[in-house]
Amino acid sequence: MAWRAEQGLWNGGQVLGYDLIDQKLTPNKKEAKLINLMYKKYLELGSALQVATWLNNNGYRTKEYVANRSDIKRGGKMFTNTMVIKKLKSRVYIGDVGLKDKYFKGQHESIVDRD
């Protein structure tokens, strides 16, 4: 896992904003718009709880995918403030990959402006 992170390769599973294709993160345009909307709404509303409420009230849901091993549909759930905080703090959206407390330049495209 350390070697993969140092090479900028993704170690995790599914992530909102990206599709996982051949173990590589590829931006999902529709989901990337949602991630950017989360940041915009957080700046506007100032609270992760209010962002989660706004997203849920406007019909947005978490990423839906089918687990490879079990063919079970996952995701599609309502957002919580904890989920929103996790997304807003995630450095994957600015093109980084991490392992423990170390971050490396990822091989995937960023979907959020670093600024």
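You'll find the structure just up there.
Keep in mind it's a predicted model, so treat the numbers as computed, not measured. (Residues numbered from 1 in each chain as written. Predicted model: local features only at pLDDT ≥ 70, side-chain atom pairs only at ≥ 80, totals over all residues. Heavy atoms only, no water.)

K.L.:
Lay out the pairing of strand E6 (residues 102-105) in plain terms, naming residues and giving numbers.
P.N.:
Across four bridges, strand E5 (residues 96-99) lies against E6 in antiparallel orientation. What sits directly across from glycine 98, in E6, is tyrosine 103. In this antiparallel pair of consecutive strands, E5 and E6, the connection spans two residues, and lysine 100 shows a positive phi of 60 degrees. (Pairing = 2+ DSSP bridges. Helix = DSSP H or I, 4+ residues; strand = E, 2+ residues; numbered from the N terminus.)

K.L.:
Summarise the nonpolar core; cite the residues concerned and give the values.
P.N.:
Met38, Leu55, Phe79, Val84 and Tyr93 are the most contacted members of the largest nonpolar core, which has 23 residues in total. No other element matches the five residues that helix H2 (residues 29-45) contributes to this core. Among residues more than four places away in sequence, those in contact with tyrosine 93 are Val15, Leu16, Tyr18, Ile35, Tyr39, Lys87, Ser110, Ile111 and Val112. (Core = buried A, V, L, I, M, F, W, Y, C linked by side-chain atoms within 4.5 Å. Buried < 20%, exposed > 50% of the residue type's maximum accessible area, 1.4 Å probe, protein only. Contact = heavy atoms within 4.5 Å.)

K.L.:
So what about the side chain of asparagine 56? Which residues, and what values?
P.N.:
Secondary-structure assignment places asparagine 56 in helix H3 (residues 48-57). Leave out the neighbours within four places in its chain, and asparagine 56 touches Arg61, Met78 and Phe79.

K.L.:
Before we move on, can you summarise the environment of threonine 53 with the specific residues and values?
P.N.:
Turning to its location among the elements, threonine 53 is positioned in helix H3. For threonine 53, a relative accessible area of 39% puts it in the partly exposed group. On a C-alpha basis, the gap between threonine 53 and tyrosine 39 in space is 14 Å, while along the polypeptide they are 14 residues apart. Of note is the side chain of threonine 53, whose polar atom sits 2.9 Å from the backbone oxygen of leucine 49. (Polar contact = N/O pair within 3.5 Å; in protein donor to acceptor, adjacent residues only side chain to side chain.)

K.L.:
Account for the packing of H3 against helix H4 (residues 81-89), naming residues and giving values.
P.N.:
Viewed as axis vectors pointing N to C, H3 and H4 meet at an angle of 105 degrees, and their least axial separation amounts to 8 Å. What the angle tells us is that H3 and H4 run roughly perpendicular. Where H3 abuts H4, its residues Ala48, Leu49, Val51, Ala52 and Leu55 lie against Asn81, Val84 and Ile85. Here the residues of the contact of H3 with H4 are counted per class, giving seven nonpolar, one polar and no charged. (Axes fitted to C-alpha atoms, helices over the stretch in contact; angles between N-to-C directions. Parallel < 35°, antiparallel > 145°, perpendicular 65-115°, else oblique. Nonpolar A, V, L, I, M, F, W, Y, C, P; charged D, E, K, R; others polar.)

K.L.:
Mind laying out the packing of aromatic side chains, listing which residues take part and the relevant values?
P.N.:
Evaluated as defined, the whole model comprises two aromatic pairs. For the ring pair tryptophan 54 and tyrosine 60, a centre distance of 6.0 Å and an interplane angle of 20 degrees mean the geometry is stacked. Classification of tryptophan 54 by relative accessible area gives partly exposed; the value is 25%. The exposure class assigned to tyrosine 60 is partly exposed, which follows from its relative accessible area of 30%. The aromatic ring of tyrosine 103 is capped on one face by arginine 91, whose charged end is 4.0 Å from the ring centroid. (Phe/Tyr/Trp six-rings, centres within 6.5 Å; stacked < 30°, edge-to-face > 60°. Lys NZ or Arg CZ within 6 Å of the ring centre and 35° of its normal.)

K.L.:
Break down the pattern of salt bridges for me, citing the residues and quoting the values.
P.N.:
The tally for this structure, following the rule as stated, stands at six salt bridges. The partner of glutamate 64 in a salt bridge is lysine 73, with the nearest N and O atoms 2.9 Å apart. On the basis of relative accessibility, which here comes to 46%, the residue glutamate 64 falls in the partly exposed class. Notably, a salt bridge pairs aspartate 96 with arginine 91, separated by 2.9 Å at the nearest N-O pair. The class of aspartate 96 is buried, set by a relative accessible area of 6%. Accessibility expressed as a relative area gives 34% for arginine 91, which makes it partly exposed. Because the salt bridges share partners, they merge into one network encompassing Asp19, Glu31 and Lys63. (Salt bridge = Lys/Arg side-chain N within 4 Å of Asp/Glu carboxyl O.)

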